[in-house]
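# Reading the structure
This is what each chain is made of:
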Amino acid sequence: MKNKQLRRYLSAGALIAGLTVAALFAIPAHMPPFLDEDGRVLPDSIAVIESVELNGVEQWLFIRGRNVNKPVLLFLHGGPGTPETAWLFHYNQSLADHFVVVAWEQRGAGKSYTPHIPAESMTMEQFIADAHALTQMLKERFNQEKIYLVGHSWGTLLGMHTAYRHPHDYHALVSISQTAHAAREEALIYEWVLAQARQDDNAKAVRQLEATGVPVEGRLSLADLSVKLKWVNHYGGGAFYGRNGFRDLVWVMLKSRVYTLKEKLLYFRGESFSLEHLYGEVSAVNLFAEIPEVQLPVYFLHGRHDYQVPMEVARAYFDHLQAPHKAFIVFEQSAHGVLFEEPEKFQNVLVRQLLNGGQNE
């Protein structure tokens, strides 16, 4: 009798658990609208999640702006394969008061990931073509002759190449944590993080880092890359200055409504897929030789304590780069996650530099 009762309880528990999981999977993604004091949607606002076809592949956009007549800002996420949509709309909400913010999840990443993405299409050339195609769509849709281009980390490579090819499409390029020369960067990162581990008497970290060895011409295996990033974050040179901010970012993502539960579960699969196919190009980058000049204004925003993309190399490339106007702005309390670590300053810098001509900077 007791066994039958126990089986009934277990069956009921399994049924409840199954229904709960099914219900969680059924919750749709949501972008909250802009409302007036009476709870009505502001007539000129936009808050949508939608797909577009870019060069034969469905890709997703998250568009948010209080007024569709404001300048368009196209955000190029980091990685490769690490969309920052949930974090962008969590930490940088007020950007949508000044711009129509378009967060594009690139092919093979985030909401744009499917196992059917052609592996041979995961190249810098293809991503430049996708960015160009999307830019034309946005210019036509919002009736604007030019838009703003903002990239973070990997997005700075894509942004620099796209702006170099198509400068007349953009008012300006904003590069956050500009990566410019993989070999120089990786050597500096390794030297710094190994020194941190030794100073901390962290035998485990020293052992693991020494096992990866000094990066050869900017290249590590993906397994060794993961080890390096783990300890860079541990010592506060990664996502957040002075502490491991990875948990904070994961928590923001888990709470976010911009993704379904299924998309959250697939997020890291897209990240792995993208990194696997693009890391070779990323590890060989040398913008000093590839792009010595651009024909539009450029703004470099960099965290003083960034050891995921060391500021020393970014500053050297900035000094090397020729542009009609340029500015290098340091965030003193940031590492790699400038826009999430000092969001108020980040937003103020964008508004002043891009819309108000750099007043009071």
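That block above? That's the structure.
Overview of the structure. Just so you know, these numbers come straight off a predicted model, no measurement behind them. (Residues numbered from 1 in each chain as written. Predicted model: local features only at pLDDT ≥ 70, side-chain atom pairs only at ≥ 80, totals over all residues. Heavy atoms only, no water.)

### Brief notes about unusual backbone geometry
We count it as follows: Elements are defined by DSSP. Helices are runs of H or I of four residues or more, strands are runs of E of two residues or more, and each kind is numbered from the N terminus.
In this structure, the amide linkage connecting Gly79 to the following residue, Pro80, adopts the cis form with an omega of 10 degrees. Along the chain, Pro80 falls in the loop between strand S3 (72-76) and helix H2 (85-91). Even without being glycine, Asn143 reaches a positive phi, approximately 55 degrees. Here Asn143 lies in the loop between helix H3 (124-141) and strand S5 (147-152). Non-glycine residue Ser177 carries a positive phi angle of around 60 degrees. Position of Ser177 among the secondary structure elements: in the loop between strand S6 (170-176) and helix H5 (182-199).

### Comments concerning the pairing of strand S2 (residues 57-65)
The cut-off we apply is this: We call a residue buried when its accessible area falls under 20% of the maximum for its residue type, exposed when it is over 50%, and partly exposed in between, using a 1.4 Å probe and counting protein chains only. Note on pairing: two strands pair once DSSP finds at least 2 bridges between them.
The buried count for S2 comes to seven of nine residues, which makes it a mostly enclosed element. Where strand S1 (residues 46-54) and S2 come together, nine bridges link them in antiparallel fashion. Note that in S2 the partner of Glu53 across the bridge is Glu58. Remark: two residues form the turn of the hairpin made by S1 and S2, two consecutive strands paired antiparallel; Asn55 in that turn has positive phi of roughly 50 degrees. Strand direction decides the pairing type here: S2 and strand S4 (residues 100-105), joined by five bridges, are antiparallel. Residue pairing in the sheet places Arg64 in a bridge with Val101 of S4.

### Points about the packing of aromatic side chains
Operational definition: A pair of aromatic rings is counted whenever rings of Phe, Tyr or Trp (Trp by its six-membered ring) have centres within 6.5 Å, and the orientation is called stacked for planes under 30 degrees apart, edge-to-face for over 60 and tilted otherwise.
Summed over all chains, the structure comprises 15 aromatic pairs. Centroid distance Phe99 to Tyr148: 5.9 Å. Interplanar angle 85 degrees. Geometry classified as edge-to-face. You can see Phe99 sitting in the loop between H2 and S4 and its partner Tyr148 sitting in strand S5, a full 49 residues away along the chain. Each of the two residues, Phe99 as well as Tyr148, counts as buried. Their ring planes at 65 degrees and their centres at 6.3 Å tell us that Tyr259 and Tyr267 sit as a pair that is edge-to-face. Across this residue pair, the class does not change: Tyr259 and Tyr267 are buried.

### Some words on the pattern of salt bridges
Where charged atoms from two side chains of opposite charge come close, those side chains can pair. Stated formally: The term salt bridge refers to a side-chain nitrogen of Lys or Arg lying within 4 Å of a carboxyl oxygen of Asp or Glu.
In this structure the tally under the stated criterion is 13 salt bridges. Its salt-bridge partner being Arg40, residue Asp36 comes within 3.3 Å of it at the nearest N-O pair. Notably, a salt bridge pairs Asp319 with Arg315, separated by 3.6 Å at the nearest N-O pair. Pair noted here: Asp319 and Arg315 are both in helix H11 (residues 311-320), with a separation of four residues, about one helical turn. Here Asp319 falls in the partly exposed class, since its relative accessible area comes to 47%. Via salt bridges that share partners, Asp36, Asp38 and Arg40 belong to a single interconnected network.

### Things to note about the nonpolar core
For the record, the criterion: Within this scheme, the nonpolar core is defined by two criteria: the residues are buried Ala, Val, Leu, Ile, Met, Phe, Trp, Tyr or Cys, and they are joined through side-chain atoms within 4.5 Å. Whether two residues touch is decided by their heavy atoms; if any such pair falls within 4.5 Å, the residues are in contact.
Judged by nonpolar contacts, the single largest core of 52 residues is most densely connected at Leu74, Trp104, Leu138, Met160, Leu287, Phe300 and Tyr317. Take this core: its biggest share by element is six residues, from H3. Once residues lying within four places of it in the same chain are set aside, the contact partners of Leu74 are Val102, Trp104, Leu134, Thr135, Leu138, Ile147, Tyr148, Leu149 and Val150. Of all hydrophobic cores here, the second largest spans 39 residues; its members include Ala86, Phe331, Val351 and Leu354.

Interpretation note: all reported values are geometric properties and have no functional meaning in isolation.
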